[in-house]
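# Observations on the model geometry
Letter by letter, the chains look like this.
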Amino acid sequence: MAGDTGMAGKVALLLWAQTLGLAAAGAQTTQLLVEPPWLPAVLWERVTLTCQGSGTAGATTWYKDGQRWGQQGRDHVTVTESGTYRCARPGSGFSPPVTASDDSLVLQVPAWVLLEGDTVTLRCRGWWNNAVTRVSFYREGKKLRVLRDGTELSLLPLQLKHSGRYSCKGRVEYRGWKDSAPVTVTVQELFSVPVLEGPPEPTEGSPLTLSCLSTPSPLRPRAPLLHVFYQDGQVVGGPQGSPQLLVPAVGVSHSGNYSCEVRSEGGAVRKSSARLRVTVRMPVANATITPGPPAHRVRAGDPVSLRCSVQVGSAPVTFTWLHNGQEVARGPLLELGNVSVGHSGTYQCVATNQLGQDGHRVFQALSPELALEVTTWGHRNTVAAGVGGTLLLLLLLVGVIVAWHWWHCVGG
């Protein structure tokens, strides 16, 4: 009996700690504790109700089946009649109800708060502990399991989907087949579904920190939780106690779809975040002008176009053209048209992109200089060459005519 008393004290302490947790979470601050800690309570056991809440000690009002009950001003009462009990304390309102039953068959659930990952036992009990055989358990009216010998159903590990209304049916000794009244099982979250946060577009070479954020239950705020990080479905961090993943310097290979998973100790409860797309942005580099080479000679009147490109660099990239150090155009293509001597000089392009959060970091890449020389001598020589060729052809024609005429004269 002493051992039972010690256990009851531990249960009461547990319930009180959970009451404080509920208060912190914003729930009702008035709580009705039951000993033994099973719901509904059964009259063939000594049932004690304790009202906990704010206000003056001893200022408790008791209610039975919705009516004021004679046990006023006391924090502890012993229940000897079936019914539904509540208590109220000044300043903290009404407690949740507690039912005391004297039915032939009763399905009992633990009286403490049930969290994901816990193990809960539902027990189907006969009146005054009469033997019960061929017990069937139901959830929302659908049969879960049939036990020929046992009277208890274990739910492990508890999940949110286990919440619902349960009942049992069995053959009670001396009373025949009976159905229990339904009882409600409410499973609360051990922790919330995690949310993965971090910069979606870090700059190459910068550090990256991803945070896996999940709120633990106030009823078990210090429950050990493990965090696992994934990139494109592959583990890249954890399991670890820290909710953060740190990459000292990111590169192109760090781009991908990230997610995180939070696990309870032992892994009975696991929840995953939505995916976060991370794209590593590359500063522009290695700007070049085509066509090359560094020295480029063209004739006046020829059409000339220059194109600027970068070997690496995340979009959007803008281009600016310089002629002898002065800006002359923007865009990746510089159309000079039919050039003149005035187009001679050095050309460079400047490639620019803006990276980082809100584009606050600007990167530039300057191409090598292209020396463009526009000449006019090519056209004069071409004309001279054309005239010389024509004269030579006329001279050859005259020579042929003279030779033919002389040959005919000699022959005659």
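What you see is a predicted model; the values in this text were computed from it and never measured.

### A look at the overall build of the protein
Along the protein, the regular secondary structure elements total 2 helices and 37 strands. By the burial criterion, 39% of the 412 residues in the protein qualify as buried. The contacts of the protein with a sequence gap of at least 6 include a subset with a gap of at least 24, amounting to 61%. In the structure as shown, the protein presents an accessible area of about 22,800 Å², 56% of it carried by carbon and sulfur atoms.

### Focus: the pattern of salt bridges
Counted according to the given criterion, the structure contains 12 salt bridges. As a salt-bridge pair, Asp65 and Lys64 come within 3.2 Å of each other at their nearest N and O atoms. The partly exposed category is assigned to Asp65, whose relative accessible area is 45%. A residue is classified by how much of its surface remains accessible, and Lys64, at 16% relative accessible area, is buried. As a salt-bridge pair, Arg89 and Asp75 come within 3.8 Å of each other at their nearest N and O atoms. Of the two residues, Arg89 is situated in strand S8 (residues 83–89) and Asp75 in the loop between strand S6 (67–68) and strand S7 (76–79); the sequence distance between them amounts to 14 residues.

### Re the sheet that holds strand S1 (residues 31–35)
Ordered in space as S1-S4-S7, the 3 strands form an open sheet in which the pairing is antiparallel. Looking at strand neighbours, the two that pair on one side only are S1 and S7, the edges of this open sheet. Neighbouring strand axes in the sheet, compared pairwise and without regard to direction, differ in orientation by 25 degrees on average. In the sheet, strand S4 (residues 47–52) pairs with S7 via 4 bridges, with the strands oriented antiparallel. In the strand pairing of S7, Thr50 is matched with His76.

### A word on the sheet that holds strand S16 (residues 152–155)
Hydrogen bonds along the backbone pair up the strands of a sheet, which may run parallel or antiparallel. What the 4 strands build is an open sheet, ordered S2-S11-S13-S16; its pairing is antiparallel. In the strand order of this sheet, the two ends are held by strand S2 (38–39) and S16, each with one partner. Bridge count between strand S11 (residues 105–110) and strand S13 (residues 120–126): 4 bridges; the pairing is antiparallel. Within S13, the position partnered with Val106 by the bridge is Arg125.

### Side note on the packing of aromatic side chains
By the definition in use, this model includes 3 aromatic pairs. Ring geometry for Trp127 versus Trp128: centroids 6.1 Å apart, planes at 75 degrees, classification edge-to-face. The positively charged end of Arg123 is found above the aromatic ring belonging to Trp38, 3.8 Å away from the centroid.

### What to know about the side chain of His323
Checked against the element boundaries, His323 lands in strand S32 (residues 318–323). Apart from residues no more than four positions distant in its own chain, His323 is found in contact with Val328, Gly342, His343, Ser344, Gly345, Thr346 and Tyr347.

### Focus: the confidence of the model for the protein
Per-residue pLDDT for the protein has a mean of 84; in total, 83% of the residues score no lower than 70. The model gives residues 1–27 a pLDDT under 50, and that stretch makes 26 contacts with residues more than four places away or in other chains. Scored below 50 in pLDDT, residues 379–387 makes 2 contacts in the model with residues more than four places away or belonging to other chains.

### A short note on the environment of Leu144
Within the secondary structure, Leu144 is located in strand S15 (residues 142–147). With relative accessibility at 44%, the residue Leu144 sits in the partly exposed group. Linking Leu144 and Cys168, residues 24 residues apart in sequence, is a C-alpha distance of 9.7 Å.

What counts and how
- Residue indices follow the written sequence of each chain, beginning from 1 at its first position.
- Owing to the predicted nature of the model, reporting of local features is limited to residues with pLDDT of at least 70; listing and counting of side-chain atom pairs is limited to 80 or more, with chain, interface and lining totals taken over all residues.
- The basis for every side-chain value is the complete set of heavy atoms in the structure, and neither hydrogens nor water enter the calculation.
- Helical segments are the DSSP runs of H or I of at least four residues, strand segments are the runs of E of at least two, and each set is numbered from the N terminus.
- A simple rule labels every residue: compare its accessible area, found with a 1.4 Å probe on the protein chains alone, to the largest value its type can have, and call it buried under 20%, exposed over 50%, or partly exposed in between.
- Contact criterion: two residues are considered in contact whenever any of their non-hydrogen atoms come within 4.5 Å of each other.
- For the area figures, the Shrake-Rupley method with a 1.4 Å probe applies, and any residue is considered shielded solely by the protein chains shown.
- What makes a salt bridge here is a side-chain nitrogen of Lys or Arg within 4 Å of a carboxyl oxygen of Asp or Glu, nothing more.
- Whether two strands pair depends on DSSP finding at least two bridges between them.
- Interaxial angles span 0 to 180 degrees and are taken between N-to-C directions of axes, which are lines fitted to C-alpha atoms, for helices over the stretch in contact.
- Stacked, edge-to-face and tilted labels apply to pairs of Phe, Tyr and Trp rings (six-membered ring for Trp) whose centres lie within 6.5 Å, assigned for plane angles under 30 degrees, over 60, and everything in between, in that order.
- Geometrically, a lysine NZ or arginine CZ counts as sitting over a ring once it is within 6 Å of the ring centre and also within 35 degrees of the ring normal.
- Confidence scores labelled pLDDT are given residue by residue by the predictor and lie between 0 and 100.

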